[in-house]
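Architecture and fold: a report
The chain contents come next:
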Amino acid sequence: QVQLVESGGGLVQPGGSLRLSCAASGSIFSINAMGWYRQAPGKQRELVVAFLSGGSTNYADSVKGRFTISRDNAKNTVYLQMNSLKPEDTAVYYCYVVYIDEMGLPHPHSWGQGTQVTVSS
């Protein structure tokens, strides 16, 4: 089992910035993908950005140029720097990881508990 601990959410004014972090711990041999989804009230969960195997990234069009994902491989941690935030970025942000455990078993999406981001004046 993997544990994902998220932090960094909060209330920010439009145009402001926030930085989210997500640390994965547990029986992890390798990580195939790790990143962030978000879910706004009344909407489906959507991908924000992720690191994929090989190190490539996949950003949603709505956040390109404003959000930046980075990672610390030694700590199995990803960070999401969010700049120029808009009210439509308001959502619960969920970290996820796809990994192979130390027994060699693959695991599909495992989720963090979510952190609220509210963009409002």
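In short, a report on the structure.

What counts, and at which threshold
The residue numbering used here restarts from 1 in each chain and proceeds along that chain's sequence as written. pLDDT decides what is reported in this predicted model: residues at 70 or higher carry local features, side-chain atom pairs at 80 or more are listed and counted, and totals for whole chains, interfaces and linings draw on all residues regardless. Note that the side-chain values use all heavy atoms of the structure and ignore hydrogens as well as water. Helical segments are the DSSP runs of H or I of at least four residues, strand segments are the runs of E of at least two, and each set is numbered from the N terminus. In this setup the radius of gyration rests on C-alpha atoms only. A globule is expected at 2.2 Å times the number of residues raised to 0.38. Residue contacts follow a heavy-atom distance rule, with two residues in contact if any of their heavy atoms lie within 4.5 Å. Burial classification: accessible surface area is computed with a 1.4 Å probe over protein chains only, and a residue below 20% of its type maximum counts as buried, one above 50% as exposed, and the rest as partly exposed. A pair of strands is labelled paired if DSSP reports no fewer than 2 bridges between them. When a carboxyl oxygen of Asp or Glu is within 4 Å of a side-chain nitrogen of Lys or Arg, the pair counts as a salt bridge. Nitrogen and oxygen atoms within 3.5 Å of one another constitute a polar contact, given that in protein one can donate a hydrogen and the other can accept it, and given that sequence-neighbouring residues count only through two side-chain atoms.

1. What to know about the overall build of the protein
- The helix and strand inventory of the protein stands at zero helices and eleven strands.
- The secondary structure elements of the protein, listed N-terminal to C-terminal, are β-β-β-β-β-β-β-β-β-β-β.
- Here the C-alpha atoms of the protein give a radius of gyration of 14 Å, agreeing with the 14 Å that 2.2 N^0.38 yields for 121 residues.
- The long-range fraction of contacts in the protein, counting pairs at least 24 apart against all pairs at least 6 apart in sequence, stands at 56%.

2. A short note on the pairing of strand β11 (residues 115-119)
- Across the two faces of β11 the burial differs, with Thr115, Val117 and Val119 buried and Gln116 and Thr118 not buried at all.
- Two strands pair when backbone bridges link them, and strand β9 (residues 91-100) and β11 are joined in this way by three bridges, in the antiparallel orientation. What sits directly across from alanine 91, in β11, is valine 117.

3. Side note on the pattern of salt bridges
- Applying the stated criterion across every chain, the model contains four salt bridges.
- The partner of aspartate 61 in a salt bridge is lysine 64, and the shortest N-O contact between them spans 3.1 Å.
- The exposure class of lysine 64 is partly exposed, given its relative accessible area of 49%.
- One salt-bridge network, in which partners are shared between bridges, spans Arg38, Glu46, Arg66 and Asp89.

4. Let's talk about the environment of glutamate 46
- Counting through the fold element by element, glutamate 46 comes out in strand β5 (residues 46-51).
- Taking the C-alpha atoms as reference points, glutamate 46 and threonine 68, 22 residues apart in sequence, are found 16 Å from one another.
- For glutamate 46, the residues in contact, after removing those within four places along its chain, are Tyr37 and Arg38.
- In terms of polar contacts, glutamate 46 uses its side chain to reach the side chain of arginine 38, at 2.7 Å.

5. Comments concerning the pairing of β9
- In terms of residue burial, β9 counts as a mostly covered element, since eight of its ten residues are buried.
- Summarising the sheet, strand β4 (residues 30-39) and β9 pair through nine bridges and their orientation is antiparallel. Bridge pairing links tryptophan 36 to cysteine 95 in β9.
- Relative to strand β10 (residues 106-111), β9 runs antiparallel, the two sharing four bridges. Its bridge partner lying in β10, tyrosine 99 is registered against histidine 107.

Purely geometric numbers; function is a separate question.
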